[in-house]
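Take a look at the letters that make up each chain.
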Amino acid sequence: MRTYDFAPLYRSTIGFDRMLSMLDQPGGVESSAPSYPPYNIERIGENAYRISVAVAGFSQADLSIEAKENRLTIRGARQPKEETSEVLYLGIAARAFERSFQLADHVAVEGASLDNGLLHVELVRELPEAMKPRAIPITSPSTLLEATPAQIAA
């Protein structure tokens, strides 16, 4: 049994309370998440991510993607079709699924594509200008007295 103590992180982080509370929940993240279908999460750039979900046997019409607030939900349900042959062994899973991902603040879905049985969902992190780092000039009291009101406001 693996248990982690996140108490030190509460002391050194600000604004991540919701994320730490999710990780600290009984049962953990792994036991509450379904294992089908398998997926990868990749970082493909400084502010770009990709979720790849294995959806062999599903067509574009069988899949739906919904982004609502900070949750991305991918659903798949195959449409019934008439069988023209007798299946002797059924090894490719074709059951319906729903897979949800909790997105961080300011992460938006950019697009999705289906390629060789993999559904790729492109995500981008878009920070508002107010949240981007900015340089703060350091002034001394003597430079404030010499500065004009326009220079102080800038």
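Residues numbered from 1 in each chain as written. Predicted model: local features only at pLDDT ≥ 70, side-chain atom pairs only at ≥ 80, totals over all residues. Heavy atoms only, no water.

## Regarding the sheet that holds strand E1 (residues 39–43)
Overall, antiparallel pairing links the 4 strands, which are arranged E1-E2-E7-E6 in an open sheet. Strands at the two margins of the open sheet, each flanked by one partner only, are E1 and strand E6 (107–115). Neighbour to neighbour, the strand axes of the sheet diverge by 20° on average, direction disregarded. Of the pairings in the sheet, the one linking E6 to strand E7 (residues 118–125) comprises 8 bridges and is antiparallel in character. Bridged to Leu114 within E7 is Leu119. (Pairing = 2+ DSSP bridges. Helix = DSSP H or I, 4+ residues; strand = E, 2+ residues; numbered from the N terminus. Axes fitted to C-alpha atoms, helices over the stretch in contact; angles between N-to-C directions.)

## A word on the environment of Gly111
Relative to the helices and strands, Gly111 is located in strand E6. Note on Gly111: relative accessible area 25%, which makes it partly exposed. Residues Gly111 and Arg50, 61 residues apart in the sequence, show an inter-C-alpha distance of 9.8 Å. Apart from the residues within four sequence positions on either side, Gly111 is in contact with His120, Val121 and Glu122. (Buried < 20%, exposed > 50% of the residue type's maximum accessible area, 1.4 Å probe, protein only. Contact = heavy atoms within 4.5 Å.)

## Here's the deal with the sheet that holds strand E4 (residues 71–76)
With respect to topology, 3 strands assemble into an open sheet ordered E3-E4-E5, the strand pairing being antiparallel. In this open sheet, the two edge strands, each paired with only one partner strand, are strand E3 (63–68) and strand E5 (97–102). Each neighbouring strand pair of the sheet contributes to a mean axis angle of 15°, computed without reference to strand direction. As paired elements, E4 and E5 share 6 bridges and run antiparallel to each other. Counted as the bridge partner of Gly76 is Phe97 from E5.

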